[in-house]
Amino acid sequence: MPSPLLSPRNPSLAVNRRSVLAGLGAVLAAIALGGCSTARGAGSQGASPQDGSQAYSSSTFAFDTYCTFKVYGDEKAPAKLAAACSRYDALFDLYKDDSDIARINAAGGAPTTVDSATVDIVKQALTFCSASDGLFDITIGAVSTLWNFDDGTRPTDEEIAAALPHVGWRTVSVDEGANTVTLADPEAKLDLGAIAKGYIADRLYNLLQNETDAQAAVISLGGNIIYFGEKPGGGTWNTGIRNPNDPGGSKTVGTAHVHGGSVVTSGLYERTFTQDGVTYWHILDPRTGMPVQTDVVSDTIVCASSTQADALSTTLFVAGSEHGVQIADGYDDTAAYFIKQDGSTAESSRWQDMTNFETA
Ligand code: ADP
Ligand code: MG
C-alpha cells in the first residue's frame, strides 16, 4: 500500500463525468470578477459598461468545464468562440477515438498526420517538458489514463509500475513540414490536459483579434482566464484567487489586478477522490505515477501567454513552492503565487508588481 497522501482540507468534490481533456477542472480556481456570464448554452445577453460599448456574454460546456465569454463590441463573437472551443475539443480529447490525440496514441509508433494546431500545441508543450526537466510531461497519459478522478478509480501499484516506463517526453517527435506527430514508444500516450485550456485560450484570443470586431473580452475556460484589450471604462481586469478552504464557494484569498494577459490557477481541490482515508488528486508526479507530494494547495500564474501560464501552473505544482518560485523567476514577465498546505503563501519576485495583489 502507498503511504497516505497529504489530505487537502476539503477533499472529494463530486464531478459527474470523465474529464474530456483529463484535467479541465470542474471547480473554477480563479474567478474573473465582474467578467463572467452565468448564462448557459448559446444564449447571449447584453450589458452596457460605462464607455457605452455593448457587452455580449455567453457560456458553453466544453472540455468538461464551464467556458464563459464576455465580449465587448461584437455580438457574433461569443458564438465564434464557442464553435472554436468545440473544434479544439474534438482535436485534443484523448478519450474521443477520432481525435488527433487518440489517433496518435493508437498509432503503434507510426507517424500520425494531424491538424496544424495539434502539431503546434505538441511542439509548444515539449518546450515546457524540456525546460522543467520532465516535471511537466505530456506523456503522463500512460499513467493518467489508469486513474479516474470522477468515479474514484485508483490503479494498483502493479499497474502504475507497468505503465511508468512509458512516461517520458523524449519519445515524442513532431514534423512540422509533414504535420505529423510520432510516439517512438508504441505504449506511450499523450495527455494534454495540463496545457490544452491555456493553448485554446491563446487561440481564442487570436480569433478575437483577427476575425472579430471585439474591443475587449474576458475568456474563462474553467477558470483559465485570458483578458483581451483594455477594460472598458478603464482600470484593471480583476481576478479573484479562490480560497482552497472554500472550493465550492465564492470566497477568495485576494484579487490580482492586471491590464491584460492570462491568469491561470492549478488547485489540489479541483479533481480529487478519497478512498480508504487516502485522498488522491489529478496532478501526477511523472517519476512515480502517483498524485504529486507537494507543499502546494494551489498556485496561480500570471503572464501574457495562457499556454505558458497553464503549463507553468502544473509544473510549479509538481516542483513545490520553493523550486517553483525559482522556475517562475526564470521566465520573463511571469509571476506566481502559491497557497501552501500549512496555510502560508509564497510568491515569486514579480508577483506584487505584476498584479498589485490585494489580500481579501
Ligand atoms: P486543471 O486543468 O485541472 O486546472 P492542470 O492545468 O494542472 O489542472 O492540469 C492537470 C491535468 O494535466 C491532469 O488532469 C492530467 O491530465 C495532466 N497532468 C497531470 N500531471 C501532469 C504532469 N506532471 N505533467 C503534465 N500533465 C499532467
Ligand atoms: Mg496547467
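As shown above, the structure is provided for reference.
Residues numbered from 1 in each chain as written. Chains lettered and ligands numbered in written order. Predicted model: local features only at pLDDT ≥ 70, side-chain atom pairs only at ≥ 80, totals over all residues. Heavy atoms only, no water.

**Q** Which parts of the structure should I look at to understand the overall build of the protein chain?
**A** Helix and strand counts for the protein chain come out as nine helices and 18 strands. The burial tally for the protein chain puts 59% of its 360 residues in the buried class. For the protein chain, restricting intrachain contacts to residue pairs at least 6 apart in sequence, the fraction spanning at least 24 positions comes to 64%. Approximately 14,100 Å² of the protein chain is accessible, and the part contributed by carbon and sulfur atoms is 47%. (Helix = DSSP H or I, 4+ residues; strand = E, 2+ residues; numbered from the N terminus. Buried < 20%, exposed > 50% of the residue type's maximum accessible area, 1.4 Å probe, protein only. Contact = heavy atoms within 4.5 Å. Areas by Shrake-Rupley, 256 points an atom, 1.4 Å probe, with all protein chains shown as cover.)

**Q** Explain the sheet that holds strand S10 (residues 237-242) here, please?
**A** One open sheet holds the four strands; their spatial order is S1-S10-S11-S18, and the pairing between them is antiparallel. Because the sheet does not close on itself, it has two edges, and the strands there are strand S1 (30-32) and strand S18 (358-359). The sheet contact formed by S1 and S10 spans three bridges and is antiparallel. Within S10, the residue paired with Ala30 across the bridge is Ile241. (Pairing = 2+ DSSP bridges.)

**Q** Please explain the coordination of the magnesium ion (ligand 2) as it appears in this structure.
**A** A four-donor tetrahedral metal ideally has 109.5 degree angles, and a six-donor octahedral metal ideally has angles of 90 or 180 degrees. Taken together, Ala194 (O), Asp310 (O), Asp310 (OD) and Thr314 (OG1) make up the full set of protein donors to the magnesium ion (ligand 2), lying 2.2 to 2.6 Å away. Positions of the donor residues of the magnesium ion (ligand 2) along the chain correspond to the pattern A-x115-D-x3-T. Taken together, the residues Asp310 and Thr314, both in helix H7 (residues 306-319) and four residues apart, mark about one turn of the helix. Neither residue differs from the other here; Asp310 and Thr314 are each classed as buried. (Donors = N, O, S within 2.8 Å, 3.2 Å for Na, K, Ca; no water.)

**Q** Can you walk me through the nonpolar core in this structure?
**A** Soluble globular proteins: nonpolar side chains tend toward being buried together. Core analysis: the biggest nonpolar cluster contains 72 residues, and Phe92, Ile138, Leu190, Leu204, Leu208 and Leu221 have the highest contact counts within it. In this structure, Ala32, Val302, Ile339 and Trp351 belong to the second largest nonpolar core, which totals 20 residues. (Core = buried A, V, L, I, M, F, W, Y, C linked by side-chain atoms within 4.5 Å.)

**Q** I tried to follow the sheet that holds strand S5 (residues 112-113) on my own but got confused; where do I start?
**A** To summarise the sheet geometry, strands pair through backbone hydrogen bonds and adopt either a parallel or an antiparallel arrangement. The sheet built from three strands is open, its strands ordered S5-S7-S6 with antiparallel pairing. Edge positions in the sheet fall to S5 and strand S6 (172-175), since each of these pairs with one other strand and no more. With two bridges connecting them, S5 and strand S7 (residues 180-183) associate as antiparallel partners. Considered in S7, the bridge of Thr112 is made with Val181. Most of the contacts of helix H3 (residues 116-131) go to S6, to which it runs at about 130°, and overall it touches S6 and S7. (Axes fitted to C-alpha atoms, helices over the stretch in contact; angles between N-to-C directions.)

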